[in-house]
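Okay, here's what each chain looks like letter by letter:
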Amino acid sequence: MTEVTKNITVDLSRKGNTRAVFARQNDKGSRVLNITLTDGGESYFVPYGTVAVINFLRSDGENASFAATVNEAGGVSYTLGLWALAVEGSVRCSISLYGDGEKKLTSSDFYLDVLEALYSDDDFTEDTDSSAMTALLSSVATLEAKHDMELLVLEDRMTADITALETKHDKDKKELEAEIGRKVSETSLSTWKMQYYRPKINEIEGRLDSLETKIGAIHGASGEVTISVSDWSDDCTLILAIDELGEYDMIVFDPVSPSDRDLITDHEVFISAKAQAGAVNVSARSKPTGDISLCYFIMRGGK
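Description of the structure in this document. Owing to the predicted nature of the structure, the values given are computational and were not obtained by experimental measurement.

### Thoughts on the overall build of the chain
Here is step 1: Secondary structure summary: the chain contains 2 helices and 17 strands in total.
Here is step 2: Every one of the 303 residues in the chain was classed for burial, and the buried ones make up 29%.
Here is step 3: Long-range pairs, those at least 24 residues apart, make up 74% of the contacts in the chain between residues at least 6 apart in sequence.
Here is step 4: A total accessible area of about 20300 Å² is found for the chain, and carbon and sulfur atoms account for 53% of it.

### Some remarks on the sheet that holds strand β13 (residues 237-241)
Here is step 1: If you walk across this open sheet you meet the 3 strands as β13-β16-β15, and the pairing is antiparallel. Of all the strands in the sheet, the pair left with one neighbour each is β13 and β15 (270-271).
Here is step 2: Across 5 bridges, the pairing between β13 and strand β16 (residues 279-283) is antiparallel. Within β16, the position partnered with A241 by the bridge is A279.

### With respect to the nonpolar core
Here is step 1: In terms of nonpolar packing, the biggest core is built from 28 residues, with I35, F56, V76, F110 and L112 touching the most fellow members.
Here is step 2: For this core, the elements supplying multiple residues, two or more each, are β1 (4-11), β2 (21-24), β3 (31-39), β5 (51-57), β6 (63-67), β8 (76-79), β9 (89-98) and β11 (110-115).
Here is step 3: For this core, the element with the most residues is β9, which contributes 4 residues.
Here is step 4: If near-sequence neighbours (up to four positions away) are discounted, I35 is found in contact with I8, V10, G75, V76, I95 and F110.
Here is step 5: In this structure, C236, L238, I251 and V282 belong to the second largest nonpolar core, which totals 19 residues.

### Here's the deal with the environment of T50
Here is step 1: Mapped onto the secondary structure, T50 falls in the loop between β4 (42-43) and β5.
Here is step 2: For T50, a relative accessible area of 17% corresponds to the buried category.
Here is step 3: Considering only alpha carbons, one finds T50 and T69, 19 residues apart in sequence, at a separation of 9.6 Å.
Here is step 4: Among residues more than four places away in sequence, those in contact with T50 are V70, L97 and Y98.

### Notes on the packing of aromatic side chains
Here is step 1: According to the stated counting rule, one finds 5 aromatic pairs in the structure shown.
Here is step 2: Here the aromatic rings of F56 and F66 are separated by 6.1 Å at their centres, their planes lie at 55 degrees, and the arrangement is tilted. Of the two residues, F56 is situated in strand β5 and F66 in strand β6; the sequence distance between them amounts to 10 residues. As far as burial versus exposure is concerned, F56 and F66 are alike and both buried.

### Observations concerning the sheet that holds strand β17 (residues 292-299)
Here is step 1: Taken in spatial order, the 3 strands make up an open sheet running β12-β17-β14, and their pairing is antiparallel. Pairing within the sheet leaves two strands with one partner each, and these edge strands are β12 (221-227) and β14 (250-255). Adjacent strand axes in the sheet meet at a mean angle of 30 degrees, parallel and antiparallel pairs treated alike.
Here is step 2: Contacts from helix α2 (residues 258-266) reach β14 and β17, with the element oriented near 90 degrees to β17.

### Notes on the pattern of salt bridges
Here the idea is simple: oppositely charged side chains can pair when their charged atoms come close.
Here is step 1: Under the definition given, this model contains 6 salt bridges.
Here is step 2: The salt bridge partner of R58 is D60, with a shortest N-O separation of 2.9 Å.

### Section: a nonpolar patch on the surface
Here is step 1: The grouping of L151, L154, M158 and I162 at the surface amounts to a nonpolar patch, some 350 Å² of accessible area in total.
Here is step 2: Tracing the backbone shows I162 in helix α1 (residues 132-219).

### Here's the deal with the pairing of β9
Here is step 1: When β5 meets β9, the two strands line up antiparallel, connected through 7 bridges. Considered in β9, the bridge of L57 is made with R92.
Here is step 2: Two elements, β9 and β11, share 5 bridges in a ladder whose sense is antiparallel. Within β11, the residue paired with C93 across the bridge is F110.
Here is step 3: Looking at chain direction, β9 and strand β10 (residues 104-106) are connected through 3 bridges and run antiparallel.

### Some words on the side chain of S77
Here is step 1: With respect to the helices and strands, S77 occurs in strand β8.
Here is step 2: Among the polar contacts listed, one links the side chain of S77 to the side chain of N71, at a separation of 3.0 Å.
Here is step 3: Contacts of S77, omitting those with residues within four sequence positions, involve L33, N34, A68, T69 and N71.

Calculation rules
Residues numbered from 1 in each chain as written. Predicted model: local features only at pLDDT ≥ 70, side-chain atom pairs only at ≥ 80, totals over all residues. Heavy atoms only, no water. Helix = DSSP H or I, 4+ residues; strand = E, 2+ residues; numbered from the N terminus. Buried < 20%, exposed > 50% of the residue type's maximum accessible area, 1.4 Å probe, protein only. Contact = heavy atoms within 4.5 Å. Areas by Shrake-Rupley, 256 points an atom, 1.4 Å probe, with all protein chains shown as cover. Pairing = 2+ DSSP bridges. Core = buried A, V, L, I, M, F, W, Y, C linked by side-chain atoms within 4.5 Å. Phe/Tyr/Trp six-rings, centres within 6.5 Å; stacked < 30°, edge-to-face > 60°. Axes fitted to C-alpha atoms, helices over the stretch in contact; angles between N-to-C directions. Salt bridge = Lys/Arg side-chain N within 4 Å of Asp/Glu carboxyl O. Patch = residues over 30% accessible without salt bridge, like charges linked within 9 Å, V, L, I, M, F, W, Y side chains within 5 Å. Polar contact = N/O pair within 3.5 Å; in protein donor to acceptor, adjacent residues only side chain to side chain.

Any link to function would need more than the numbers given here.
Below is the structure:
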């Protein structure tokens, strides 16, 4: 029998403006719908494994759904049967896609314009097309069989992986025990050496401490100090205590971080170059809004 193919586009996200598809009452198996799906006007490719169903609502109020075919182009194809074309008038149609689990996606509506047949077919019979439910049950059975097979493969892989991990664990355990044995032997030898050399090491460390003390007394000392917001008096001055500072020493300050430098610049903080024993004078044009951290170096002076 000669077939007529009608290509139409149906959107999944917005109402369509597809023109009604012409058909004759009681035609069967001769009119093929090739339906391209879009999502907001953009091309939509029906995923592999999806079950497609076409839904009909005839002018007499009867409705039904039938299994359609997902074609190689990623669209949906369906050959119109007797049920959809049995009654004259407008037939409201839509496409439903069923995916994994309970996922369902239905398109906007499109229409069939069924013109009255010019003859009466007394031998009219219902379609023998598989219903949507039959197609869905078949798809579910296929997916369950595929899932069971994948589960068996996964279990085999997990068993193999566990066996490999246990083998590696045993090997690593033996290597670790051997390494611990070597370390114990080395530790015992090291302990003996430390006991033997400890008095000499203590003597050398004592000499170094004494030397550092002498160097500090000659060249100076360094440290860090923080000026808190609460340290400032109402006239934006304060006395900063530096215990290591001698009467004839000179001290140099430097901000610890860029934020400390910004506070010093913004509030015009001034630190007196002339120090007194144990303290320096600090003043500012305006009271700083945050704590200021300073590092310092003391250069030893003499009378």
